[in-house]
Amino acid sequence: MIDCYKVLGVRPEATLAEIKKAYREKVKNLHPDATGASTDSALFDQVVQAYRVLSDQRQRSIFDESFFIKIKRSYSDSKSFNYYEWLSERQDEESRAKLIFYTLMHQKEDEAVAEFKRMQMNHADFSLKKWFTREDFMDYGYILAEELVIRGEYYDAIILLEQIIQMEYSYQYFYIFFPDVLDFTLTILKKNIDGVISDELALDVYERALDLNFGKKEDAFFLRKMSEEYRRLGDTATANICLREAEKIS
(Lines give C-alpha, C1' and ligand atoms only; values in the text may rest on other atoms or scores of the structure.)
Protein backbone atom coordinates (compact mmCIF):
# COMPACT_ATOMS: atom_id res chain seq x y z
CA MET A 1 0.00 0.00 0.00
CA ILE A 2 1.34 3.41 -0.96
CA ASP A 3 1.66 6.27 1.52
CA CYS A 4 -0.95 8.59 0.03
CA TYR A 5 0.25 11.59 2.01
CA LYS A 6 3.83 11.12 0.87
CA VAL A 7 2.79 10.66 -2.78
CA LEU A 8 0.92 13.98 -2.79
CA GLY A 9 3.46 15.68 -0.53
CA VAL A 10 0.93 16.83 2.07
CA ARG A 11 0.75 16.66 5.86
CA PRO A 12 -1.39 13.92 7.46
CA GLU A 13 -3.53 16.76 8.85
CA ALA A 14 -3.98 18.32 5.40
CA THR A 15 -7.38 19.76 4.59
CA LEU A 16 -9.31 18.80 1.47
CA ALA A 17 -8.38 22.15 -0.04
CA GLU A 18 -4.68 21.45 0.50
CA ILE A 19 -5.07 17.97 -0.99
CA LYS A 20 -6.78 19.37 -4.10
CA LYS A 21 -4.04 21.97 -4.55
CA ALA A 22 -1.26 19.39 -4.16
CA TYR A 23 -2.97 17.04 -6.61
CA ARG A 24 -3.30 19.73 -9.27
CA GLU A 25 0.37 20.66 -8.92
CA LYS A 26 1.53 17.03 -9.10
CA VAL A 27 -0.53 16.30 -12.21
CA LYS A 28 0.66 19.48 -13.93
CA ASN A 29 4.28 18.60 -13.23
CA LEU A 30 3.83 15.07 -14.57
CA HIS A 31 1.90 16.05 -17.70
CA PRO A 32 4.01 15.76 -20.91
CA ASP A 33 2.80 19.16 -22.14
CA ALA A 34 4.44 20.73 -19.09
CA THR A 35 7.59 18.60 -18.88
CA GLY A 36 8.30 17.94 -22.56
CA ALA A 37 8.92 14.30 -21.65
CA SER A 38 6.76 11.20 -21.62
CA THR A 39 4.61 10.71 -18.56
CA ASP A 40 5.83 8.32 -15.85
CA SER A 41 2.65 6.25 -15.93
CA ALA A 42 3.39 4.40 -12.69
CA LEU A 43 3.96 7.61 -10.75
CA PHE A 44 0.97 9.27 -12.42
CA ASP A 45 -1.25 6.33 -11.38
CA GLN A 46 0.03 6.63 -7.81
CA VAL A 47 -0.84 10.32 -7.70
CA VAL A 48 -4.35 9.66 -9.02
CA GLN A 49 -4.84 6.77 -6.58
CA ALA A 50 -3.60 8.85 -3.65
CA TYR A 51 -5.96 11.69 -4.56
CA ARG A 52 -8.94 9.35 -4.85
CA VAL A 53 -8.25 7.97 -1.38
CA LEU A 54 -7.56 11.25 0.40
CA SER A 55 -10.35 13.23 -1.27
CA ASP A 56 -12.98 10.73 -0.11
CA GLN A 57 -13.74 11.04 3.61
CA ARG A 58 -14.58 7.37 4.10
CA GLN A 59 -11.61 6.04 2.12
CA ARG A 60 -9.27 8.44 3.89
CA SER A 61 -10.54 7.28 7.28
CA ILE A 62 -9.98 3.64 6.32
CA PHE A 63 -6.50 4.47 5.03
CA ASP A 64 -5.60 6.30 8.22
CA GLU A 65 -6.78 3.42 10.39
CA SER A 66 -4.98 0.72 8.43
CA PHE A 67 -1.76 2.47 7.41
CA PHE A 68 -1.03 5.69 9.21
CA ILE A 69 0.04 6.05 12.82
CA LYS A 70 -1.10 9.48 13.87
CA ILE A 71 1.51 11.70 15.42
CA LYS A 72 0.23 13.66 18.36
CA ARG A 73 1.18 17.27 18.18
CA SER A 74 2.15 18.84 21.49
CA TYR A 75 2.86 22.40 22.40
CA SER A 76 5.39 23.43 24.98
CA ASP A 77 3.00 25.73 26.79
CA SER A 78 -0.25 27.59 26.40
CA LYS A 79 1.61 30.69 25.29
CA SER A 80 2.66 29.12 21.97
CA PHE A 81 2.06 31.53 19.11
CA ASN A 82 -1.38 31.07 17.54
CA TYR A 83 -1.48 32.49 14.02
CA TYR A 84 -5.26 32.18 13.79
CA GLU A 85 -5.82 34.18 16.96
CA TRP A 86 -3.24 36.75 15.88
CA LEU A 87 -5.00 37.28 12.54
CA SER A 88 -8.44 37.34 14.18
CA GLU A 89 -7.44 40.20 16.48
CA ARG A 90 -6.17 42.40 13.65
CA GLN A 91 -8.54 44.57 11.62
CA ASP A 92 -6.36 45.74 8.74
CA GLU A 93 -7.38 44.55 5.26
CA GLU A 94 -4.30 42.40 4.70
CA SER A 95 -4.83 40.45 7.92
CA ARG A 96 -8.53 39.95 7.21
CA ALA A 97 -7.72 38.72 3.69
CA LYS A 98 -5.18 36.26 5.08
CA LEU A 99 -7.67 35.17 7.74
CA ILE A 100 -10.16 34.27 4.99
CA PHE A 101 -7.74 31.94 3.24
CA TYR A 102 -6.32 30.61 6.53
CA THR A 103 -9.75 29.56 7.80
CA LEU A 104 -10.63 28.19 4.36
CA MET A 105 -7.59 25.91 4.52
CA HIS A 106 -8.18 24.79 8.11
CA GLN A 107 -11.67 23.33 7.91
CA LYS A 108 -13.38 26.56 8.92
CA GLU A 109 -15.13 27.09 5.59
CA ASP A 110 -18.23 28.72 7.09
CA GLU A 111 -16.04 31.25 8.88
CA ALA A 112 -14.06 31.94 5.71
CA VAL A 113 -17.21 32.62 3.67
CA ALA A 114 -18.75 34.75 6.42
CA GLU A 115 -15.61 36.89 6.74
CA PHE A 116 -15.35 37.27 2.97
CA LYS A 117 -18.97 38.42 2.78
CA ARG A 118 -18.45 40.81 5.70
CA MET A 119 -15.41 42.40 4.09
CA GLN A 120 -17.20 42.68 0.76
CA MET A 121 -20.13 44.42 2.42
CA ASN A 122 -18.13 46.82 4.58
CA HIS A 123 -15.26 47.65 2.23
CA ALA A 124 -16.24 48.58 -1.32
CA ASP A 125 -12.68 48.25 -2.62
CA PHE A 126 -11.82 45.03 -0.77
CA SER A 127 -9.77 42.66 -2.93
CA LEU A 128 -8.21 39.34 -2.02
CA LYS A 129 -5.87 39.15 -4.97
CA LYS A 130 -3.69 42.10 -3.99
CA TRP A 131 -2.52 40.34 -0.82
CA PHE A 132 -1.43 37.03 -2.35
CA THR A 133 0.76 35.67 -5.10
CA ARG A 134 -1.09 35.08 -8.34
CA GLU A 135 -0.85 31.30 -7.85
CA ASP A 136 -2.19 31.33 -4.29
CA PHE A 137 -5.04 33.63 -5.22
CA MET A 138 -6.03 31.46 -8.17
CA ASP A 139 -5.89 28.25 -6.15
CA TYR A 140 -7.58 29.39 -2.96
CA GLY A 141 -9.87 31.81 -4.77
CA TYR A 142 -11.23 28.89 -6.77
CA ILE A 143 -11.77 26.84 -3.62
CA LEU A 144 -13.52 29.83 -2.00
CA ALA A 145 -15.73 30.14 -5.09
CA GLU A 146 -16.73 26.49 -4.66
CA GLU A 147 -17.68 27.16 -1.05
CA LEU A 148 -19.68 30.25 -2.04
CA VAL A 149 -21.64 28.20 -4.58
CA ILE A 150 -22.41 25.54 -1.96
CA ARG A 151 -23.96 28.31 0.14
CA GLY A 152 -25.88 29.89 -2.74
CA GLU A 153 -23.66 32.99 -2.99
CA TYR A 154 -23.57 32.84 -6.79
CA TYR A 155 -22.83 36.47 -7.57
CA ASP A 156 -19.73 36.59 -5.37
CA ALA A 157 -18.58 33.25 -6.79
CA ILE A 158 -18.79 34.58 -10.34
CA ILE A 159 -16.82 37.72 -9.45
CA LEU A 160 -14.02 35.55 -8.06
CA LEU A 161 -14.11 33.15 -11.00
CA GLU A 162 -14.03 36.04 -13.47
CA GLN A 163 -10.76 37.27 -11.93
CA ILE A 164 -9.29 33.77 -12.00
CA ILE A 165 -10.25 33.16 -15.64
CA GLN A 166 -8.83 36.49 -16.77
CA MET A 167 -5.59 35.68 -14.93
CA GLU A 168 -5.42 32.29 -16.63
CA TYR A 169 -5.70 33.93 -20.05
CA SER A 170 -2.69 36.12 -19.27
CA TYR A 171 -0.69 33.49 -17.40
CA GLN A 172 -1.33 29.75 -17.54
CA TYR A 173 -1.58 28.27 -14.08
CA PHE A 174 -4.49 25.83 -13.98
CA TYR A 175 -3.31 24.55 -17.36
CA ILE A 176 -4.93 21.14 -18.02
CA PHE A 177 -7.50 21.85 -15.27
CA PHE A 178 -8.66 25.08 -16.89
CA PRO A 179 -11.54 23.45 -18.80
CA ASP A 180 -12.91 22.35 -15.42
CA VAL A 181 -12.77 25.96 -14.21
CA LEU A 182 -14.65 27.12 -17.31
CA ASP A 183 -17.24 24.34 -17.02
CA PHE A 184 -17.84 25.17 -13.35
CA THR A 185 -18.29 28.85 -14.17
CA LEU A 186 -20.56 28.16 -17.15
CA THR A 187 -22.75 25.87 -15.07
CA ILE A 188 -23.33 28.67 -12.56
CA LEU A 189 -24.06 31.14 -15.35
CA LYS A 190 -26.64 28.86 -16.92
CA LYS A 191 -28.33 27.41 -13.85
CA ASN A 192 -27.87 29.73 -10.89
CA ILE A 193 -28.30 33.31 -12.11
CA ASP A 194 -31.57 33.89 -13.98
CA GLY A 195 -34.41 34.05 -11.46
CA VAL A 196 -32.02 33.36 -8.59
CA ILE A 197 -30.31 36.71 -8.04
CA SER A 198 -31.72 40.18 -8.69
CA ASP A 199 -32.18 41.39 -12.28
CA GLU A 200 -29.60 44.14 -11.77
CA LEU A 201 -26.95 41.71 -10.51
CA ALA A 202 -27.85 39.20 -13.22
CA LEU A 203 -27.24 41.86 -15.87
CA ASP A 204 -23.85 42.61 -14.35
CA VAL A 205 -22.98 38.91 -14.36
CA TYR A 206 -23.98 38.33 -17.99
CA GLU A 207 -22.09 41.44 -19.12
CA ARG A 208 -18.97 40.12 -17.39
CA ALA A 209 -19.50 36.71 -18.94
CA LEU A 210 -19.29 38.23 -22.43
CA ASP A 211 -15.62 39.05 -21.74
CA LEU A 212 -14.66 35.51 -20.72
CA ASN A 213 -14.28 34.00 -24.22
CA PHE A 214 -16.80 31.21 -23.89
CA GLY A 215 -17.56 31.38 -27.61
CA LYS A 216 -20.31 32.68 -29.87
CA LYS A 217 -22.92 30.12 -28.86
CA GLU A 218 -22.56 30.96 -25.16
CA ASP A 219 -22.32 34.71 -25.85
CA ALA A 220 -25.64 34.50 -27.71
CA PHE A 221 -27.11 32.79 -24.65
CA PHE A 222 -25.84 35.56 -22.35
CA LEU A 223 -27.24 38.25 -24.66
CA ARG A 224 -30.65 36.58 -24.72
CA LYS A 225 -30.63 36.44 -20.94
CA MET A 226 -29.66 40.11 -20.83
CA SER A 227 -32.60 40.85 -23.13
CA GLU A 228 -34.94 39.10 -20.71
CA GLU A 229 -33.49 40.98 -17.73
CA TYR A 230 -33.81 44.37 -19.44
CA ARG A 231 -37.37 43.57 -20.45
CA ARG A 232 -38.28 42.73 -16.86
CA LEU A 233 -36.72 46.02 -15.79
CA GLY A 234 -38.88 47.89 -18.32
CA ASP A 235 -36.07 48.81 -20.74
CA THR A 236 -37.57 47.41 -23.94
CA ALA A 237 -35.24 49.32 -26.26
CA THR A 238 -32.07 47.85 -24.74
CA ALA A 239 -33.75 44.43 -24.53
CA ASN A 240 -34.33 44.53 -28.29
CA ILE A 241 -30.73 45.57 -28.95
CA CYS A 242 -29.43 42.61 -26.95
CA LEU A 243 -31.77 40.26 -28.79
CA ARG A 244 -30.61 41.52 -32.19
CA GLU A 245 -26.97 41.11 -31.16
CA ALA A 246 -27.70 37.56 -30.06
CA GLU A 247 -29.29 36.77 -33.41
CA LYS A 248 -26.27 38.15 -35.27
CA ILE A 249 -23.83 35.74 -33.67
CA SER A 250 -26.12 32.71 -33.37
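Details of the structure are given in the entry above.
Residues numbered from 1 in each chain as written. Predicted model: local features only at pLDDT ≥ 70, side-chain atom pairs only at ≥ 80, totals over all residues. Heavy atoms only, no water.

Draft legend 1. The side chain of E218, seen in detail. Turning to its location among the elements, E218 is positioned in helix α13 (residues 216–232). For E218, the contacting residues outside a window of four places in its chain are L186 and K190. (Helix = DSSP H or I, 4+ residues; strand = E, 2+ residues; numbered from the N terminus. Contact = heavy atoms within 4.5 Å.)

Draft legend 2. α13, seen in detail. Here α13 spans 24 Å end to end across 17 residues, near enough to the 24 Å set by a 1.5 Å rise per residue. Every buried residue of α13 is listed here: E218, D219, A220, F222, L223, K225, M226, S227, E229 and Y230. Note on α13: the residue one or two positions beyond its end, G234, has a positive phi of about 90°. (Expected span 1.5 Å × (residues − 1). Buried < 20%, exposed > 50% of the residue type's maximum accessible area, 1.4 Å probe, protein only.)

Draft legend 3. Spotlight on the layout of surface pockets. Size it by volume and the second largest pocket reaches roughly 350 Å³. What lines the second largest pocket is a set of 19 residues, among which T15, L16, A17, Q107 and E109 lie closest to the centre. Mapped by element, the contributors of at least two residues to the lining of the second largest pocket are α2 (16–30), α5 (57–66) and α9 (134–150). Looking at side-chain class alone, the lining of the second largest pocket contains seven nonpolar, five polar and seven charged residues. (1 Å grid on protein atoms, 1.4 Å probe; cavity = no way out; pocket = protein on both sides within 12 Å on 5 of 7 lines; lining within 4 Å. Points joined across faces, edges and corners; volume = space filled by probe spheres on them. Nonpolar A, V, L, I, M, F, W, Y, C, P; charged D, E, K, R; others polar.)

Draft legend 4. Inspection of the side chain of S227 at higher detail. With respect to the helices, strands and loops of the structure, S227 is situated in helix α13. Here the side chain of S227 touches A239 through a polar contact of 2.8 Å, landing on its backbone oxygen. Here S227 is in contact with A239, C242 and L243, once residues within four sequence places are set aside. (Polar contact = N/O pair within 3.5 Å; in protein donor to acceptor, adjacent residues only side chain to side chain.)

Draft legend 5. Local environment of the environment of R11. Looking at the element boundaries, R11 is found in the loop between α1 (4–8) and α2. Setting aside residues up to four positions removed in sequence, R11 forms contacts with Y5 and E18.

Draft legend 6. Representation of helix α12 (residues 199–209) in the model. By the burial criterion, the buried members of α12 are A202, L203, V205, Y206 and A209. Buried residues of α12, seen end-on, are gathered within an arc of 165° and therefore sit on one face of the element. Where α12 is buried, its residues touch α10 (154–170), α11 (178–191) and α13. (Arc of directions from axis to C-beta.)

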